[in-house]
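# Results of the structural survey
One-letter residues, chain by chain:
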Amino acid sequence: MKRGVCILGASGSVGESTLKILRLFPEEFRLRSFSVHSNLEKAKEIAKEFQPAYLCVSSDSVDKAILGNKIGATEVLYGTEALSEIVADAETETVVTAVVGASGIRPTVAAIHAGKKIGIANKETLVSCGPYIQSLLEKSNAYLVPVDSEHNALFQLLENTKKESLERIILTASGGPFRKLPISDLPKVTIEQALKHPTWNMGPKITVDSAGMINKGLEVIEAHFLFGFSYDQIGVVIHPQSVAHGIVETKDGASFVYASYPDMIFPVAHSLYYPKIVPKSLKPHPATSWGNLEFLEPELERYPGLSLAYEAGRAGGTAPSIFNAANEIAVELFLKGKILFTEIPSVIRTALDKIPYSVPKDLEGYEEADRKAREAALSFSKDKVVHLC
Ligand code: NDP
Ligand code: MG
């Protein structure tokens, strides 16, 4: 029987990579359900092509009359609560969480309660309430297969490495479009420049996150909760060619490296097939085509958000939730032209300093920290006018 897949955020970049894999392997998978937030055109196209049972439109502000209650055989549901309903559907084997931001938390929790395999792209969920998600997973048959490329690489490497030999894990990072820009010019970078990633084609929020290596900071915290390594055992190296995605260092001083073409179809296909293996080549990238590979230490002065992420991760409790929520607001403010690129880490710093950390027992505690951090971050830009040339 074909394996049922639910894609949360099918209209986005990871969503599109997931649909590509479903097109490549129609004998193995079928789209059972999907969500968009407000992109109704895309929703219509996907429903017509894949004819799943359910579509959820999560935004409250769309005109429901445009899609109505059915597109062909696809039932249309509305609102964020419907996200948690479609993930629990009995004919769904794998839920791919490809929505952006903290909107991924509640449906991920619902997928865990329903005992699903979760292809987790939405890193903000683990960053925001990692300890809570871990506690739910301990009591459930559900499990996570990382879709974030570095974590998927590490997941595969760690499955094949003896536990007692492990020393450290390393996440690679492209360094973003401003890797070589004089640091004094960083305050002047424009939205368009920040949205031009050198190696990956991704949604706007993660692209801005990557430009300042805040994405790597989020990924360090994500790796901590996925793999259980301490923050001292999680390193970051700049690797501008994005061929190597994850590195596992062993006690004897050796390193195992996962390399592939930089395309999200690799981690998506692996997570969908898991525990089976992907049966055919997706995009060969032999060593002879890698060219010169560089591996460099990140300059912390250039990427202050990376150090802040380590600080928040080490502080634990709600500190990563505050880091994540403040960053979400800061990126929104930057994309609206209300703050400078270099003020993104300042907004996070303000929220981390303003809000006391706690160790909540329930999801509401983490959500409360998230809400307070958003308020603190928003107050940073009040009445501020920025003119970028
Ligand atoms: P995109 O911006 O391309 O897509 C976001 C998706 O989420 C869209 O389907 C969008 O719907 C939906 N969405 C937007 N806002 C909301 C909301 N408030 N509630 C529910 N759904 C919403 O993002 P990406 O695909 O780039 O990233 C998705 C996630 O995957 C992020 O967490 C990111 O960090 C992670 N990730 C992405 C990678 C990549 O290569 N892009 C790599 C590794 C991880 P609509 O189109 O209708 O607005
Ligand atoms: Mg990544």
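As named in an unreviewed UniProt entry, the protein chain is 1-deoxy-D-xylulose 5-phosphate reductoisomerase, taken from Leptospira semungkisensis. In the Function (unreviewed entry) part of its UniProt record, the protein chain is described as follows: "Catalyzes the NADPH-dependent rearrangement and reduction of 1-deoxy-D-xylulose-5-phosphate (DXP) to 2-C-methyl-D-erythritol 4-phosphate (MEP)." Per its UniProt entry, the protein chain bears the Sequence similarities (unreviewed entry) comment "Belongs to the DXR family."

## Notes on the overall build of the protein chain
Helices and strands together make up the secondary structure of the protein chain, namely 15 helices and twelve strands. A globule of 389 residues ought to have a C-alpha radius of gyration of about 21 Å, and the protein chain, at 20 Å, matches this closely. Expressed along its principal axes, the backbone C-alpha trace of the protein chain runs to roughly 55 × 55 × 45 Å. Residues counted as buried form 57% of the 389 residues belonging to the protein chain. Long-range contacts, defined as pairs at least 24 residues apart, comprise 69% of the intrachain contacts of the protein chain with a sequence gap of at least 6. Entry remark: accessible area of the protein chain is about 16800 Å², with carbon and sulfur atoms responsible for 53%. Between the mean site of the 41 positive side-chain charges and the mean site of the 46 negative ones, the protein chain shows a separation of 3 Å.

## Observations regarding the sheet that holds strand β1 (residues 3-8)
Reading across the sheet, the eight strands line up as β4-β5-β3-β2-β1-β6-β7-β8 and stay open at both edges, with mixed pairing between neighbours. Two strands lie at the open edges of the sheet, namely β4 (70-71) and β8 (143-146), each paired on one side alone. By the bridge criterion, two bridges tie β4 to strand β5 (residues 74-78) in an arrangement that is antiparallel. Bridge pairing in β5 places I71 opposite T74. Running at roughly 160 degrees to β1, helix α1 (residues 13-24) makes contact with β1, β2 (29-36) and β6 (94-97) of the sheet.

## Re the coordination of the magnesium ion (ligand 2)
Summarising the metal site, the magnesium ion (ligand 2) is bound by the protein donors D148 (OD), E150 (OE) and E219 (OE), whose distances to it range over 2.1 to 2.2 Å. Classification of D148 as buried rests on a relative accessible area of 7%. Of the residues examined, E150 reaches a relative accessible area of 6% and is grouped as buried.

## Looking at the nonpolar core
Counting residues in hydrophobic clusters, the biggest one holds 128 residues, and the most contacted among them are F34 and F341. Considering each element in turn, this core owes the most residues, ten residues, to helix α13 (residues 319-335). Aside from chain neighbours lying at most four places away, what touches F341 is F178, L186, V189, A194, V208, A211, G212 and F334.

## Let's talk about the environment of A82
Take A82: it is sitting in helix α4 (residues 81-87). For the pair A82 and F266, spaced 184 residues apart in the sequence, the C-alpha separation amounts to 29 Å. Residues contacting A82, with those up to four places away along its chain left out, are C56 and L77.

## Remarks on helix α11 (residues 265-273)
Given 3.6 residues per turn, any residue in an α-helix points the same way as the ones three and four places further on. In terms of burial, α11 is largely enclosed, as nine of its nine residues are buried. Those residues of α11 lying buried are I265, F266, P267, V268, A269, H270, S271, L272 and Y273.

## Examining the side chain of N152
Summarising the element assignment, N152 is placed in helix α7 (residues 149-159). Judged by relative accessible area, N152 falls into the buried class, the value being 1%. In contact with N152, other than residues within four places in its own chain, are V145, P146, V147, P267, H270 and S271.

## Considerations on the site of ligand 1
Not every one of the 25 residues close to ligand 1 is listed here, only the nearest: S11, H37, S38, N39 and E124. G9 places a polar main-chain atom, nitrogen or oxygen, 3.3 Å from an oxygen atom of ligand 1. Notes on ligand 1: free accessible area 900 Å², of which the protein chains cover 85%. When residues of the shell around ligand 1 are traced back to their parent elements, those giving at least two are α1, α6 (123-138) and α9 (204-211). When grouped by side-chain class, the residues that make up the shell around ligand 1 number eleven nonpolar, eleven polar and three charged.

## Looking at empty space enclosed by the protein
For the structure shown, the criterion picks out one cavity of 30 Å³ or more. Size it by volume and the largest cavity reaches roughly 40 Å³. Forming the walls of the largest cavity are S149, N152, A153, W200, H245, Y258, S260, Y261, D263, F266 and P267. With three residues, α7 is the largest single contributor of residues to the lining of the largest cavity. For the lining of the largest cavity, the per-class residue count stands at six nonpolar, four polar and one charged.

Cut-offs and rules
Residues numbered from 1 in each chain as written. Chains lettered and ligands numbered in written order. Predicted model: local features only at pLDDT ≥ 70, side-chain atom pairs only at ≥ 80, totals over all residues. Heavy atoms only, no water. UniProt positions renumbered as here; feature names shortened; annotations may be inferred. Helix = DSSP H or I, 4+ residues; strand = E, 2+ residues; numbered from the N terminus. Rg over C-alpha atoms; globule rule 2.2 N^0.38 Å. Buried < 20%, exposed > 50% of the residue type's maximum accessible area, 1.4 Å probe, protein only. Contact = heavy atoms within 4.5 Å. Areas by Shrake-Rupley, 256 points an atom, 1.4 Å probe, with all protein chains shown as cover. Lys, Arg positive; Asp, Glu negative; His and termini not counted. Charge placed at Lys NZ, Arg CZ, Asp CG, Glu CD. Pairing = 2+ DSSP bridges. Axes fitted to C-alpha atoms, helices over the stretch in contact; angles between N-to-C directions. Donors = N, O, S within 2.8 Å, 3.2 Å for Na, K, Ca; no water. Core = buried A, V, L, I, M, F, W, Y, C linked by side-chain atoms within 4.5 Å. Near = heavy atom within 4 Å. Polar contact = N/O pair within 3.5 Å; in protein donor to acceptor, adjacent residues only side chain to side chain. Nonpolar A, V, L, I, M, F, W, Y, C, P; charged D, E, K, R; others polar. 1 Å grid on protein atoms, 1.4 Å probe; cavity = no way out; pocket = protein on both sides within 12 Å on 5 of 7 lines; lining within 4 Å. Points joined across faces, edges and corners; volume = space filled by probe spheres on them.

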